[in-house]
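Overview (structure and organization)
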Amino acid sequence: MSFPQIDVKPLDTETSFRIKAYKALKQAITEMDIYGHPGEIKLEERQLSEMLGVSRTPIREAMTLLEQEGFVRSVPRRGIFVIRKSKAEVLEMVTVWAALESMAARLATQVATDAQIRKLHDYVDVFRDRDPEEHVSEYSEANIAFHKQIIRISGCQLIVDITDNLFIHMRGIRRVTIGQDHRAQRSVVDHEKIVAALEARDADLAERLVREHTLGLAEHVRKHGDFLD
């Protein structure tokens, strides 16, 4: 008697390594402080291969994917570099982020749970009695998490996906600028008003406050963003 035979294909370990390398490199690039210094950030293929414990082939394939997504650029005879945006490009991205996050805030007033909105207090209340300018690094991370939370609770996965590809640059710009011109103190006040609008389920107000808050970053970059050129 014959039995059906299972048709198992060999595992494509290179593809698996490529995906793992891609995810690890994308996460690392996202967390880099790419605007905190003027120099270019070069990615060394051999070093990355040793750090990740894989051959150079999946590293190259991962770099190709990252280049297609706009995270890195390949320069003939020089190597691969993390992309730094120009001042004009940053201003465009901040404007797009303002539109997306403000819509996320509007949606959040309709679909977010009370617990999800209360989570925003975690990033605001800790600085109510502390000067954020004396804890700039800590506040910078809280600030970034605050804006990510608004997008997360919008319930719109497409907004989440689009902003993920902008996040590396928005994170870098926010990190550099939050300690300038008393922006941290003003940011705390803005965040408190945004949370109050979300808790009141006031869609028009929440949308307007988030948009104005982020466009304020654009105005700051326009005036003080010479480090980007």
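Please refer to the structure higher up on the page.
Figured I'd write up the structure that's included with this text. (Residues numbered from 1 in each chain as written. Predicted model: local features only at pLDDT ≥ 70, side-chain atom pairs only at ≥ 80, totals over all residues. Heavy atoms only, no water.)

**Description of the overall build of the protein chain**
For clarity, the cut-off: Numbering of helices and strands runs from the N terminus; a helix is a DSSP stretch of H or I covering at least four residues, while a strand is a stretch of E covering at least two. Per-residue and other accessible areas follow the Shrake-Rupley method at a 1.4 Å probe size, with only the shown protein chains counted as cover for residues. Positive charges come from Lys and Arg alone, negative charges from Asp and Glu alone, with His and the N- and C-terminal ends not counted. One atom stands in for each charge, and that atom is NZ of Lys, CZ of Arg, CG of Asp or CD of Glu.
From N to C terminus, the protein chain includes 10 helices and three strands. Of the regular secondary structure in the protein chain, the N- to C-terminal order runs α-β-α-α-β-β-α-α-α-α-α-α-α. Taken over the C-alpha atoms alone, the protein chain extends approximately 70 × 55 × 30 Å along its principal axes. When the accessible surface of the protein chain is summed, it comes to about 12600 Å², and 53% of that surface belongs to carbon and sulfur atoms. In the protein chain, 33 positive and 37 negative side-chain charges are present, and the distance between their average locations comes to 4 Å.

**Considerations on the nonpolar core**
Applied cut-off: As used here, the term nonpolar core means buried Ala, Val, Leu, Ile, Met, Phe, Trp, Tyr and Cys residues forming a set that is joined through side-chain atoms within 4.5 Å. Relative accessibility thresholds used throughout: buried, under 20% of the residue-type maximum; exposed, over 50%; partly exposed, between the two (1.4 Å probe, protein chains only). The split into domains, and so the bounds of each, comes from an automatic or database assignment of domains.
Ranked by internal contacts, the top residues of the largest apolar core, which has 61 residues, are Ile150 and Leu198. Examining the composition of this core, we find that nine residues originate from one element, helix H4 (residues 87-111), more than from any other. In this structure, this core is formed jointly by two domains, domain 1 (17-82) and domain 2 (87-225), each of which donates at least three residues.

**Topic: the pattern of salt bridges**
Pairing between side chains of opposite charge can happen when their charged atoms approach one another. For clarity, the threshold we go by: Take a side-chain nitrogen of Lys or Arg and a carboxyl oxygen of Asp or Glu: if they are within 4 Å of each other, that pair is a salt bridge.
One pass over the full model with this rule turns up 19 salt bridges. Across the salt bridge formed by Asp114 and Arg201, the nearest N and O atoms sit 2.6 Å from each other. Within this pair, whereas Asp114 is found in helix H5 (residues 114-118), its partner Arg201 is found in the loop between helix H9 (183-199) and helix H10 (203-224), the two being separated by 87 residues in sequence. Here the residues in one salt-bridge network are Glu40, Arg73 and Arg78, joined through shared partners.

**Description of unusual backbone geometry**
Phi is positive for Arg77, close to 65°, though the residue is something other than glycine. Using a relative accessible area of 86% as the deciding quantity, one classes Arg77 as exposed. At Arg201, a position not held by glycine, the phi torsion is positive, near 60°.

**Some points on the packing of aromatic side chains**
Within a pair of aromatic rings, the relevant descriptors are the distance that separates the centres and the angle that separates the planes. Here is the rule: Classification of ring pairs uses Phe, Tyr and Trp, with its six-membered ring standing for Trp, and accepts pairs whose centres are within 6.5 Å; under 30 degrees between planes counts as stacked, over 60 as edge-to-face, and the remaining range as tilted. Criterion for a charge above a ring: Arg CZ or Lys NZ at most 6 Å from the ring centre, at most 35 degrees from the ring normal.
Taken as a whole, this structure holds one aromatic pair when the rule is applied. Geometrically, the ring pair formed by Phe127 and Tyr139 is edge-to-face, given 5.0 Å between the ring centres and 85° between the ring planes. Residue Phe127 is located in the loop between helix H6 (121-124) and helix H7 (136-152), and its partner Tyr139 is located in helix H7; the two are separated by 12 residues in the primary sequence. By relative accessible area, Phe127 is classed as buried at 3%. On the basis of relative accessible area, Tyr139 is assigned to the buried category, the value being 1%. One residue, Lys148, lies across the ring of Phe167, its end atom 4.3 Å from the ring centre.

Purely geometric numbers; function is a separate question.
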